[in-house]
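# Examination of the molecular architecture
What follows is each chain in one-letter form.
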Amino acid sequence: MSAPRYKRILVKLSGEALLGDVDYGIDPAMLRRVAAELVEVSAMGVEIAVVLGGGNIFRGAGLARAGMDRVTADQMGMLATVINSLAMQDAVEALGAHARVMSAIHINEVAEDFVRRRAIRHLEKGRVVIFAAGTGNPFFTTDSAASLRAIEIGADLLLKATKVNGVYSDDPVKNPAASRYEKLSFDRVLDDRLGVMDATAIVLCRDNRLPLRVFNMNTPGDLLRVVRGENVGTLVTNE
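The sections below set out a description of the structure shown in this document. (Residues numbered from 1 in each chain as written. Predicted model: local features only at pLDDT ≥ 70, side-chain atom pairs only at ≥ 80, totals over all residues. Heavy atoms only, no water.)

## So, the sheet that holds strand E5 (residues 128-132)
Judged by pairing direction, the sheet is mixed, and its nine strands sit side by side in the order E4-E3-E5-E2-E1-E6-E10-E11-E9 without closing on themselves. Bordering the open sheet on either side are strand E4 (112-113) and strand E9 (183-185), each of which pairs with just one other strand. Across five bridges, the pairing between strand E6 (residues 157-162) and strand E10 (residues 212-216) is parallel. Each residue of the ladder has a partner; that of Ala 161, found in E10, is Phe 215. Along the sheet face, helix H5 (residues 142-152) touches strand E1 (8-13), strand E2 (47-52), E5 and E6 and points at about 175° away from the line of E1. (Pairing = 2+ DSSP bridges. Helix = DSSP H or I, 4+ residues; strand = E, 2+ residues; numbered from the N terminus. Contact = heavy atoms within 4.5 Å. Axes fitted to C-alpha atoms, helices over the stretch in contact; angles between N-to-C directions.)

## Points about the pattern of salt bridges
Counted according to the given criterion, the structure contains 12 salt bridges. For Lys 160, the salt bridge is made with Asp 143, and the minimal N-O distance between the two is 3.4 Å. Placement of the pair is Lys 160 in strand E6 and Asp 143 in helix H5, with a sequence separation of 17 residues. An identical accessibility class is assigned to Lys 160 and Asp 143; each is buried. Of the charged contacts in the structure, one is a salt bridge between Arg 225 and Asp 222, with a shortest N-O distance of 2.7 Å. Placement of both Arg 225 and Asp 222 in helix H8 (residues 222-227) is noted, with a separation of three residues, approximately one turn of the helix. Through salt bridges with shared partners, a single network forms among Lys 12, Asp 143 and Lys 160. (Salt bridge = Lys/Arg side-chain N within 4 Å of Asp/Glu carboxyl O. Buried < 20%, exposed > 50% of the residue type's maximum accessible area, 1.4 Å probe, protein only.)

## Observations concerning the nonpolar core
Judged by nonpolar contacts, the single largest core of 43 residues is most densely connected at Ile 9, Leu 13, Met 88 and Leu 223. Where this core is concerned, the elements lending two or more residues are E1, helix H1 (28-43), E2, helix H3 (70-94), strand E3 (99-103), E5, E6 and H8. Tallying contributions element by element places H1 first for this core, with seven residues. The next biggest cluster of nonpolar side chains, apart from the first, holds 30 residues, and it includes Val 129, Val 196, Leu 210 and Leu 212. (Core = buried A, V, L, I, M, F, W, Y, C linked by side-chain atoms within 4.5 Å.)

Right under this line is the structure:
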(Lines give C-alpha, C1' and ligand atoms only; values in the text may rest on other atoms or scores of the structure.)
Protein backbone atom coordinates (compact mmCIF):
# COMPACT_ATOMS: atom_id res chain seq x y z
CA MET A 1 0.00 0.00 0.00
CA SER A 2 1.39 3.39 -1.01
CA ALA A 3 1.95 6.00 1.68
CA PRO A 4 -0.76 8.64 2.13
CA ARG A 5 -0.19 11.95 0.39
CA TYR A 6 -2.02 14.04 2.99
CA LYS A 7 -1.48 14.36 6.72
CA ARG A 8 -4.85 15.89 7.64
CA ILE A 9 -8.10 15.96 5.66
CA LEU A 10 -11.72 16.90 6.15
CA VAL A 11 -14.49 14.93 4.44
CA LYS A 12 -17.85 16.59 3.78
CA LEU A 13 -20.71 14.09 3.55
CA SER A 14 -24.27 15.04 2.73
CA GLY A 15 -27.02 13.64 4.90
CA GLU A 16 -28.38 11.96 1.79
CA ALA A 17 -25.16 9.92 1.62
CA LEU A 18 -26.44 7.97 4.63
CA LEU A 19 -29.79 7.14 3.02
CA GLY A 20 -28.49 4.15 1.11
CA ASP A 21 -31.49 2.05 0.13
CA VAL A 22 -33.96 3.70 2.52
CA ASP A 23 -36.24 6.66 1.81
CA TYR A 24 -35.70 8.49 5.09
CA GLY A 25 -33.19 8.49 7.91
CA ILE A 26 -30.09 6.31 8.06
CA ASP A 27 -29.38 3.04 6.26
CA PRO A 28 -27.28 0.99 8.74
CA ALA A 29 -25.46 -0.80 5.91
CA MET A 30 -24.43 2.48 4.27
CA LEU A 31 -23.43 3.94 7.64
CA ARG A 32 -21.15 0.95 8.32
CA ARG A 33 -19.57 1.11 4.87
CA VAL A 34 -18.76 4.81 5.12
CA ALA A 35 -17.46 4.39 8.66
CA ALA A 36 -15.25 1.50 7.54
CA GLU A 37 -13.62 3.69 4.87
CA LEU A 38 -13.03 6.48 7.38
CA VAL A 39 -11.45 4.03 9.82
CA GLU A 40 -9.27 2.55 7.07
CA VAL A 41 -7.96 5.99 6.16
CA SER A 42 -7.35 6.79 9.83
CA ALA A 43 -5.42 3.52 10.23
CA MET A 44 -3.05 4.74 7.49
CA GLY A 45 -1.99 7.52 9.84
CA VAL A 46 -4.10 10.24 8.19
CA GLU A 47 -5.78 12.66 10.59
CA ILE A 48 -9.41 12.76 9.47
CA ALA A 49 -12.30 15.08 10.31
CA VAL A 50 -15.86 14.81 9.03
CA VAL A 51 -18.76 17.21 8.51
CA LEU A 52 -22.17 15.65 7.93
CA GLY A 53 -25.25 17.32 6.49
CA GLY A 54 -28.74 16.63 7.77
CA GLY A 55 -30.78 16.42 4.58
CA ASN A 56 -31.78 12.80 5.21
CA ILE A 57 -33.77 14.01 8.24
CA PHE A 58 -34.46 17.75 7.85
CA ARG A 59 -33.29 20.37 5.39
CA GLY A 60 -33.63 23.87 6.81
CA ALA A 61 -33.84 25.69 3.48
CA GLY A 62 -36.60 23.37 2.28
CA LEU A 63 -38.64 23.86 5.44
CA ALA A 64 -38.21 27.62 5.11
CA ARG A 65 -39.51 27.53 1.53
CA ALA A 66 -42.58 25.71 2.84
CA GLY A 67 -43.33 28.65 5.13
CA MET A 68 -41.41 27.92 8.33
CA ASP A 69 -39.33 30.69 9.92
CA ARG A 70 -35.86 30.37 8.38
CA VAL A 71 -33.97 30.60 11.67
CA THR A 72 -36.12 27.90 13.26
CA ALA A 73 -35.82 25.70 10.17
CA ASP A 74 -32.02 26.02 10.13
CA GLN A 75 -31.84 25.22 13.83
CA MET A 76 -33.81 22.04 13.19
CA GLY A 77 -31.37 21.22 10.40
CA MET A 78 -28.46 21.69 12.81
CA LEU A 79 -30.02 19.19 15.21
CA ALA A 80 -30.41 16.73 12.33
CA THR A 81 -26.65 16.93 11.72
CA VAL A 82 -26.07 16.12 15.40
CA ILE A 83 -28.17 12.95 15.00
CA ASN A 84 -26.14 11.91 11.95
CA SER A 85 -22.87 12.72 13.71
CA LEU A 86 -23.74 10.60 16.73
CA ALA A 87 -24.65 7.72 14.43
CA MET A 88 -21.31 8.03 12.63
CA GLN A 89 -19.41 8.19 15.93
CA ASP A 90 -21.09 4.97 17.04
CA ALA A 91 -20.33 3.24 13.72
CA VAL A 92 -16.66 4.27 13.84
CA GLU A 93 -16.25 3.11 17.42
CA ALA A 94 -17.98 -0.19 16.64
CA LEU A 95 -15.06 -0.84 14.29
CA GLY A 96 -12.55 -0.35 17.08
CA ALA A 97 -11.47 3.22 16.29
CA HIS A 98 -11.91 6.32 18.44
CA ALA A 99 -14.18 9.22 17.48
CA ARG A 100 -15.36 12.49 18.96
CA VAL A 101 -18.40 14.58 18.05
CA MET A 102 -17.84 18.31 18.48
CA SER A 103 -20.90 20.53 18.17
CA ALA A 104 -21.15 24.19 17.17
CA ILE A 105 -24.18 24.52 19.48
CA HIS A 106 -24.15 23.71 23.20
CA ILE A 107 -25.46 20.18 23.63
CA ASN A 108 -23.03 18.90 26.23
CA GLU A 109 -25.00 15.82 27.24
CA VAL A 110 -24.31 14.20 23.87
CA ALA A 111 -21.36 16.05 22.29
CA GLU A 112 -18.37 18.22 23.12
CA ASP A 113 -18.41 21.91 22.30
CA PHE A 114 -16.29 22.80 19.29
CA VAL A 115 -12.98 24.19 20.54
CA ARG A 116 -10.36 24.52 17.83
CA ARG A 117 -7.33 23.57 19.90
CA ARG A 118 -9.13 20.59 21.41
CA ALA A 119 -10.22 19.43 17.94
CA ILE A 120 -6.63 19.55 16.70
CA ARG A 121 -5.48 17.63 19.77
CA HIS A 122 -8.06 14.90 19.07
CA LEU A 123 -6.78 14.66 15.50
CA GLU A 124 -3.18 14.43 16.65
CA LYS A 125 -4.19 11.51 18.89
CA GLY A 126 -5.62 9.65 15.91
CA ARG A 127 -9.29 10.16 16.69
CA VAL A 128 -11.87 10.68 13.95
CA VAL A 129 -13.35 14.10 14.70
CA ILE A 130 -16.94 14.72 13.59
CA PHE A 131 -18.07 18.35 13.48
CA ALA A 132 -21.81 18.71 14.08
CA ALA A 133 -24.39 21.52 13.90
CA GLY A 134 -22.83 23.34 10.97
CA THR A 135 -21.36 26.69 11.94
CA GLY A 136 -23.94 27.06 14.71
CA ASN A 137 -25.58 29.91 12.81
CA PRO A 138 -28.66 30.02 10.56
CA PHE A 139 -28.30 30.93 6.87
CA PHE A 140 -24.99 29.02 6.55
CA THR A 141 -24.87 25.61 4.89
CA THR A 142 -22.92 22.58 6.06
CA ASP A 143 -20.75 23.09 2.96
CA SER A 144 -19.68 26.43 4.41
CA ALA A 145 -19.16 24.74 7.78
CA ALA A 146 -16.93 22.14 6.15
CA SER A 147 -14.77 24.81 4.48
CA LEU A 148 -14.57 26.80 7.71
CA ARG A 149 -13.63 23.83 9.90
CA ALA A 150 -11.09 22.55 7.36
CA ILE A 151 -9.36 25.94 7.40
CA GLU A 152 -9.50 26.18 11.20
CA ILE A 153 -7.85 22.80 11.73
CA GLY A 154 -5.26 23.36 9.01
CA ALA A 155 -6.42 20.54 6.74
CA ASP A 156 -4.32 19.78 3.66
CA LEU A 157 -7.39 18.91 1.58
CA LEU A 158 -11.17 19.28 1.71
CA LEU A 159 -13.08 16.36 0.21
CA LYS A 160 -16.66 16.79 -0.99
CA ALA A 161 -18.42 13.44 -1.34
CA THR A 162 -21.18 13.43 -3.95
CA LYS A 163 -23.24 10.95 -5.96
CA VAL A 164 -21.14 11.44 -9.10
CA ASN A 165 -17.42 11.06 -9.76
CA GLY A 166 -16.51 14.73 -9.96
CA VAL A 167 -17.70 18.00 -11.42
CA TYR A 168 -19.45 17.97 -14.80
CA SER A 169 -20.27 20.61 -17.39
CA ASP A 170 -23.95 19.68 -16.90
CA ASP A 171 -26.04 17.29 -14.85
CA PRO A 172 -24.70 13.88 -16.00
CA VAL A 173 -27.96 12.19 -15.00
CA LYS A 174 -30.04 14.41 -17.28
CA ASN A 175 -27.39 14.95 -19.95
CA PRO A 176 -25.31 11.85 -20.83
CA ALA A 177 -23.12 14.05 -23.05
CA ALA A 178 -21.92 16.11 -20.09
CA SER A 179 -18.14 16.05 -19.69
CA ARG A 180 -16.24 15.64 -16.44
CA TYR A 181 -13.55 18.12 -15.43
CA GLU A 182 -10.33 16.67 -14.03
CA LYS A 183 -9.20 20.04 -12.68
CA LEU A 184 -10.85 23.43 -12.18
CA SER A 185 -10.09 26.78 -10.58
CA PHE A 186 -12.28 28.19 -7.86
CA ASP A 187 -12.95 31.26 -10.03
CA ARG A 188 -14.18 29.02 -12.86
CA VAL A 189 -16.53 27.24 -10.46
CA LEU A 190 -17.96 30.59 -9.36
CA ASP A 191 -18.10 32.18 -12.81
CA ASP A 192 -19.78 29.16 -14.44
CA ARG A 193 -22.04 28.49 -11.46
CA LEU A 194 -21.06 24.83 -11.48
CA GLY A 195 -22.76 24.13 -8.16
CA VAL A 196 -19.91 22.23 -6.55
CA MET A 197 -20.61 23.83 -3.17
CA ASP A 198 -22.33 27.07 -2.24
CA ALA A 199 -20.49 30.28 -3.12
CA THR A 200 -19.52 31.06 0.49
CA ALA A 201 -17.79 27.68 0.83
CA ILE A 202 -15.94 28.12 -2.47
CA VAL A 203 -14.76 31.63 -1.60
CA LEU A 204 -13.50 30.44 1.78
CA CYS A 205 -11.46 27.72 0.08
CA ARG A 206 -10.16 30.08 -2.60
CA ASP A 207 -9.15 32.87 -0.23
CA ASN A 208 -7.37 30.45 2.10
CA ARG A 209 -5.81 28.36 -0.69
CA LEU A 210 -7.43 25.16 0.51
CA PRO A 211 -7.63 22.59 -2.32
CA LEU A 212 -10.95 20.83 -2.81
CA ARG A 213 -11.52 17.42 -4.38
CA VAL A 214 -14.98 16.27 -5.42
CA PHE A 215 -15.46 12.50 -5.63
CA ASN A 216 -18.10 9.78 -5.52
CA MET A 217 -18.48 8.29 -2.05
CA ASN A 218 -20.70 5.56 -3.51
CA THR A 219 -17.67 4.02 -5.22
CA PRO A 220 -15.98 1.81 -2.61
CA GLY A 221 -12.28 2.57 -2.23
CA ASP A 222 -12.30 6.01 -3.84
CA LEU A 223 -11.62 7.77 -0.55
CA LEU A 224 -8.53 5.64 -0.06
CA ARG A 225 -7.39 6.34 -3.61
CA VAL A 226 -7.74 10.08 -3.07
CA VAL A 227 -5.69 9.94 0.12
CA ARG A 228 -2.94 8.09 -1.75
CA GLY A 229 -2.82 10.91 -4.28
CA GLU A 230 -4.56 9.19 -7.18
CA ASN A 231 -6.44 11.31 -9.72
CA VAL A 232 -9.99 10.57 -8.60
CA GLY A 233 -12.91 12.88 -9.31
CA THR A 234 -12.23 16.61 -9.83
CA LEU A 235 -9.60 18.74 -8.15
CA VAL A 236 -10.44 22.42 -7.56
CA THR A 237 -7.57 24.79 -6.73
CA ASN A 238 -6.58 28.45 -7.04
CA GLU A 239 -4.78 27.81 -10.33
